[in-house]
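Results of the structural survey
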Amino acid sequence: MTRRAEGPRPPRAAERILQLLVGRDPRGRSILGDAREEMATRWRDRSRVLAALWYWGYVARFAFAYRGGGGSSGLSLGAGIRHAVRGLSRRPGFGLVVVVTLAVGIGATTLAFAMVDGVLVRPLPYPHSDELVNLSRVDPDWFSAPPGAADASGWFATPPATFFDWEKDAHSFTHLGAYAGWSGSLEEGDEPVRVYGAVVTSGVFAALGVPAERGRYLVTGDDVLGAAPVVVLSHGLWMRRFGGDPGVVGRAIRLDDTEYTVVGVMPQSFGFPGESTDLWIHFGDSRLRNETRSAGYLNAVGRLAPGVGLEEARADLSRVTAEISTVHPEERDFEVLVFPLREVTVAGAQLGLLLLLGSALMVLLVGCANVTSLLLTRSAERRREFAVHAALGAGSGRLAGLVLGESLVLAGLGGLLGGLLARVSLAPFIAALPMTVPRAGEIAIDGRVVLVVAALTVGLAALVALLPALQTGRSELNATLREGALGASGGRRGLRSHGTIVVVEVALAVLLLSVSGMFLESYRLSMARDPGYRVEGAVSMYVSVPQLRRADGDEIHAFFDNLTGRLASVPGAEGAALASQMPLMGSYSMPPAAVETSEGVEETILHSSVVSPSYFEVMGIPVLAGRSFDATDAGGEESVPVAVVSEALAQRYWPGQNPVGKRIRIGTEADGVWHQVVGMVGNVRYGFARSEALEYYRAAAQYPQPAFNVVLRAKGDLGAVAAATSAVIRGILPNVPVSVEPLRDRARSDRNYRWARLASILLGGLAGVAVLLSVLGIYGVLSYAVVRRTREIGIRMSLGGTAGEILRSVLGFFLALSGVGIALGVGLAVVTGSLVRSALVGAVPTGPWILGGVAVLVLATVVVASLVPALRALRVDPVVAFKLE
Amino acid sequence: MGNKPMGEVEHLVLLAVLRLGGGAFALDVLRELDREAGHVVSRGSLYKTMERLEAKGLLTWEVERGSPERGGHPRRRFSVTEAGVAELSEARARLLNMWDGVRALLETDR
C-alpha cells in the first residue's frame, strides 16, 4: 500500500542505469523525475507491463542520445559503449562469435552455480537449521580412516534401546529424534499403492521445528508403547491420494492392514529424511522396539541446545555411551558420530557438484581466453584508428574506454544469453538428476544466482578487456603511426600476449579432457564389469504380504510356494525364486555375524540374503562348490541351519580351503545361531558402483518372512511376461500393490548408474566444448600471426627460404607453446587426480594411460588446427607481400 | 557571446520555453515542440540541447520540489536569460533578412 502512495516505481535496474548516466546532482535527479512522471502516465493509461517496457526502452534510447553529463569522467565508458554497438553492428560475425562463446561459458557456470548454491550452500529449509545435527552410531572398525560427515550418512544402525538412553541422558540437545525408513501399501481409492515413509519418534518433528500445515505433527504421547496408531501425511500424498481433502485430519486410513488415524498434514516444503517421503508413522508399535543393543535400524537427528557447540555435543554423547557401556558391555565397541545435518545430507553430492562447477568455470576461462585473443587481434587492427583518435586529442582514458565499452557490451550480451540458456535448461536438467543428488528440488535460478552471474559478467568484461586496454593505453602514438606507415610486420608484444593465451587454452583443455576422461573410462569399466548374474531375461518384484505378519512359518512357506508355482507357469516363464535381498532391488541387510576361521572366531558384518532353493539357478549365479539349498534344508527344531557363501567371502576368511563344512554364526555372541556352509556360489554386485559382496545366503524355509523379492526368469517379450505376472499377483493379493519390472530396466534406474552416466555426459560435454573453443582460439591466433608476418615470410621466400624453413618458423613457436600448455595441463591433472578419483562412483581407472592419451589427442588437434594457416603462409606471394599496405 | 549561431533545435527549444511562460518544465517543452512545431525530439537530445544552451548562458533553471508521482525527485523550471532573448531576436533578424525577397520566388515557383 505504501507503494500506491509513492506512485508507480520504474524497474529498479533500469532506473539505476539511468542514474549512472545522468548523475545524482539536481540536474540528474530532475531527469530521473521526468522519466518517472512519464512512466506514471503510461502506467495509469495503459498497463504496468507496458510502462515498465517503455521505461527500459527509454533508458536504452537515452544512453545513445544523451552524450555524457556536464562533468566528463576520464574514462569515457558511455562513448565506448556507443562506439561498440556501432562497430559491432558493422561486424555482426565477430560479435556473434564472441557473444556465443561467452554465453556458453556463462550458461554452464550459471547452471553449475545454481546447483552448488541450491544443494551445498543454502541452509536446510528448517528454522535455525545450523543447530541441527545428525547422530549415527557406528563401529569405528567399519572404516579404514576416521569417519567424517560423508561416512555418517545413511547408517541406520542405532538400536531403539540405545536411542532412548541418549534421549534420557544427553544434555546438549533441546530435542532428539530417531527415524527409520518404512514402506507399505496404502489402501485408499480403487487400487492400493505402495507408499514410502518413515517411522519417527516425536522428537524428529520437535527438533526440525516445522509446524504442520493442517492438524498437528507427532508428539510425545504418540511414542508411548501401545498408543493409538497415528500418521502424518506429506503435502504431496495428501494432494495425490486424498485430493487435498480438508477433512482428512481425523480420518482413518489403512496402511499394511493396520488402521491409522491421520492427525496432520505437513507443508509442501517439508521433506524429511528425503524429499519424496510420503508419510510419518508414530513410534508406538511394540514391533518397532526390542532390547537388543548389538544391532539397530535407526538414525537420529537432534537440535543443539542454545550455546552448545558440536564438540560439546560429541563429548556429551561419549560420556553417555561410556555410562551405558557399564550396564551393557556390548555398547563398548560403538561410537556416535555427530555432524551438522546439512553436511551429512549433502556429503555424497559435494565432490561431484564442485567438480562440475570447476569444469564449467574452466570452459568459461577458455572462452574468455578466446575472446581476449579476438579482441587483441581487433585492437591491433585498430591501433591506427586509435592513434588517429589520440592525435585528435582523445586521452588514453578515452581510448581505454573504447576497448572497455566494447567488451562490456559483448560480456553483457553474453551474460544475458547465457543466463537465458541456463534458465531454459534448468528444468530438464533437474529432471535428469538422479536421486543421489539431495535437495534437487531446491535448485533454482533466483536473485542470488542472477547477482553472481551479473558480477561474473562484469568481471569477465574487465578480464577480457584488460590486455587489449593496457596495450591501447600504452601504444605510443608516433611509433604506431610510423609502424603503420611502414606496414606492421612485428609487434612482438602482441604475439607474447597471444602466446600466453595459447598456453592457457591448451593447459585447460588438457585438464578438462583428463577429468572427463577419468569419468568416461570409469563409466566404461563399470559397465563392462560382470555383475555376477544374468540381467537379461528376468523380471523382478517386491511382494509384501501384511496378512502374513502374524502367520507361522508353515503358512508363509505355503503361500510363497503357491505364488512361485503359479508364476512359474506364466507363459514364457522358466522359473521363479525368492530372495529377501537381491541386486537392484534397493535394500541391503547386514546383520552382525561371525566367521569361524583357523585363527578363531572373527566378529564381522556381512551381506546377507534369505533365498529359496532355485534362486541361484534363476538368477544365473553359478554354484562353484558344494550344493545349493534343497528340500532337506527345512525349518523346524531337528533341521541343521545351513548357509551358502559367496566366493569373495570364502577367499577372505578361508583362503585356499574348501568352504563346505565351515561355520558362520548369524547374530550376536549372545543370541546368534551357528550355520553350516553347504555350498559356495559366484560373486554378485548389488548395483552399478558396488564391489563384489562378501555375502552369505540362508534358506527361505529356515527363515520364513512376510515379504520377499520375487525374480522370474523368462523367454520372449518381457513386457508381456511382466503384465501376466502382475495379473497373477493381483488375483492372489488384490490389496497389495506390486510393480513388476524387467531387471534390465531396474539396472538403468540404478542411481549410481544414472549419476555416473550423467557426470560422464556433462563433463564430457564441457570438455568437448573446451577443446572446440581451444581449437578455434589456436586457429585464430595462428592465422593472425601468419597474416602479421606476411611481409616477413615474403622476404624469406624471396631470399630463397625453403618451405620447410618457413613452416618451421611459423609452426615451431606454436608447437613449443602447445607443448608448454600440455605439460602444464598434465601437471594440473596429476595434482587434481586424487580429488577426481574420490568423486568417481564406479571403477577407478589408471591415470597415466588416460593422461597420455589426452596429451597425444590435444597435440594432434593443435597440429591440425595450425595446418590451415601454416599452409596459407606457404602460398604467400612475395610480390603481393611487398605491396601490402 | 562570440558563439557560432544557434542550431534549429536550440532555436526551437528557446522559443518553446518562452511560449510556455512561467511554467516551462522539460516535459512541457517536449510537448510544446511536438504540438506547435511538429518536431519530435528524443528526451536525451532535448536534455543535451538544454545543457548546451545553459553552457552558452542562454537558458537557466531553478529547482522545485517534485510530486509523489516523480518519486520525490525534483523538477526544473526553465527560463530564457536576457542573453537568450537577445540571441533570439538577433537570430530572428538574421533570418528575416535572409528571407527577404525569397517569398516571391517560392510562390512563383509553385
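Residues numbered from 1 in each chain as written. Chains lettered and ligands numbered in written order. Predicted model: local features only at pLDDT ≥ 70, side-chain atom pairs only at ≥ 80, totals over all residues. Heavy atoms only, no water.

Re the overall build of chain A
Where we set the bar: By definition, any uninterrupted DSSP run of H or I lasting at least four residues is a helix, any uninterrupted run of E lasting at least two residues is a strand, and each is numbered from the N terminus. Buried, partly exposed and exposed residues are distinguished by accessible area as a fraction of the type maximum, computed with a 1.4 Å probe on protein chains only: under 20%, between the cut-offs, and over 50%, respectively. To measure how exposed things are, a 1.4 Å probe is used in the Shrake-Rupley method; for residues, cover is taken only from the protein chains shown.
Assigned secondary structure in chain A consists of 28 helices and 22 strands. Residue burial in chain A is summarised as follows: out of 885 residues, 51% are buried. Total accessible area computed for chain A in this model is approximately 39300 Å², and 59% of it derives from carbon and sulfur atoms.

Here's the deal with the side chain of A:Asp316
Residue and element names in this part refer to chain A. To keep it simple, the criterion reads: Here a polar contact means two N or O atoms within 3.5 Å. Within protein one must be a hydrogen donor candidate and the other an acceptor candidate, and residues neighboring in sequence count only if both atoms are side-chain atoms. Note on definitions: a residue-residue contact is assigned when non-hydrogen atoms from the two residues lie within 4.5 Å.
On the secondary structure map, Asp316 appears in helix H12 (residues 310-327). At a separation of 2.6 Å, a polar atom in the side chain of Asp316 contacts the side chain of Ser172. One polar contact links Asp316 to Arg319, side chain to side chain, over a distance of 2.6 Å. Those residues in contact with Asp316 that lie beyond four places of it in its chain are Ala170, His171 and Ser172.

Remarks on the pattern of salt bridges
All names here are of chain A. Just so we agree on the cut-off: We count a salt bridge whenever a side-chain nitrogen from Lys or Arg sits within 4 Å of a carboxyl oxygen from Asp or Glu.
Inspection of the entire model under this criterion finds 41 salt bridges over all chains. Arg314 is paired through a salt bridge with Glu311; the nearest N and O atoms lie 2.8 Å apart. Placement of both Arg314 and Glu311 in helix H12 is noted, with a separation of 3 residues, approximately one turn of the helix. Residue Arg314 is classed as partly exposed on the basis of its relative accessible area, which comes to 24%. Overall, the relative accessible area of 55% leaves Glu311 in the exposed class. One salt bridge in this structure joins Arg627 and Asp633, with 3.0 Å as the shortest N-O distance. Here Arg627 falls in the partly exposed class, since its relative accessible area comes to 29%.

Some thoughts on the interface of chain A and chain B
Under the convention used in this document: Buried area: the sum, over both parts, of the accessible surface (1.4 Å probe) that disappears when the two are put together. Asp, Glu, Lys and Arg are counted as charged, while Ala, Val, Leu, Ile, Met, Phe, Trp, Tyr, Cys and Pro are counted as nonpolar; the rest, among them Gly, fall into the polar class.
Taken together, the 28 residues of chain A in the interface contact 21 residues of chain B. Between chain A and chain B, the buried area comes to about 2000 Å², and carbon and sulfur atoms account for 51% of it. Connecting chain A to chain B are 6 salt bridges. The salt bridge partner of A:Arg44 is B:Glu69, with a shortest N-O separation of 2.4 Å. Summed over the shared surface of chain A and chain B, the number is 8 residue pairs in polar contact (both at pLDDT 80 or more). Looking at the side of chain A that touches chain B, the elements with two or more residues in it are helix H1 (2-6), helix H3 (26-45) and helix H4 (48-65) of chain A. Examining the composition of the side of chain A that touches chain B, we find that 14 residues originate from one element, H3(A), more than from any other. Considering only residue class, the side of chain A that touches chain B consists of 10 nonpolar, 6 polar and 12 charged.

Focus on the nonpolar core
Within soluble globular proteins, side chains that are nonpolar tend to cluster in buried spots. The condition that has to hold: Take the buried Ala, Val, Leu, Ile, Met, Phe, Trp, Tyr and Cys residues and link them wherever side-chain atoms come within 4.5 Å; each set so joined is a nonpolar core.
With 89 residues, the main nonpolar core has A:Ile443, A:Val506, A:Phe519 and A:Val858 as its most contacted residues. With residues up to four places along the chain from it excluded, the contact list for A:Val858 reads A:Val506, A:Val510, A:Leu513 and A:Ile822.

Examining the packing of aromatic side chains
Residue and element names in this part refer to chain A. Heads up, the condition is: Classification of ring pairs rests on two measures: the distance between centres of Phe, Tyr or Trp rings, Trp counted by its six-membered ring, which must be within 6.5 Å, and the angle between planes, read as stacked under 30 degrees, edge-to-face over 60 and tilted in between.
All chains considered together, the criterion is met by 19 aromatic pairs over all chains. Ring plane angle 65 degrees and centroid distance 6.0 Å describe the contact between Phe164 and Phe283, whose orientation is recorded as edge-to-face. With Phe164 in helix H8 (residues 160-169) and Phe283 in the loop between strand E8 (279-281) and strand E9 (299-304), the pair connects residues that are 119 residues apart, well separated along the chain. With 5.9 Å between their ring centres and 20 degrees between their planes, Phe205 and Phe270 make a pair best called stacked. Here Phe205 is found in helix H9 (residues 202-208), whereas its partner Phe270 is found in the loop between strand E7 (258-265) and E8, with 65 residues between them in sequence.

Focus: the pairing of strand E15 (residues 607-611) of chain A
All names here are of chain A. As a reminder, the rule being used: Note on pairing: two strands pair once DSSP finds at least 2 bridges between them.
The buried fraction of E15 amounts to 5 of the 5 residues, a majority that puts the element mostly inside the structure. Alternating residues of E15 divide into His607, Ser609 and Val611 and Ser608 and Val610, and every residue in both groups is buried. Where E15 and strand E20 (residues 695-699) come together, 5 bridges link them in parallel fashion. Looking across to E20, one finds that Ser608 is bridged to Tyr696.

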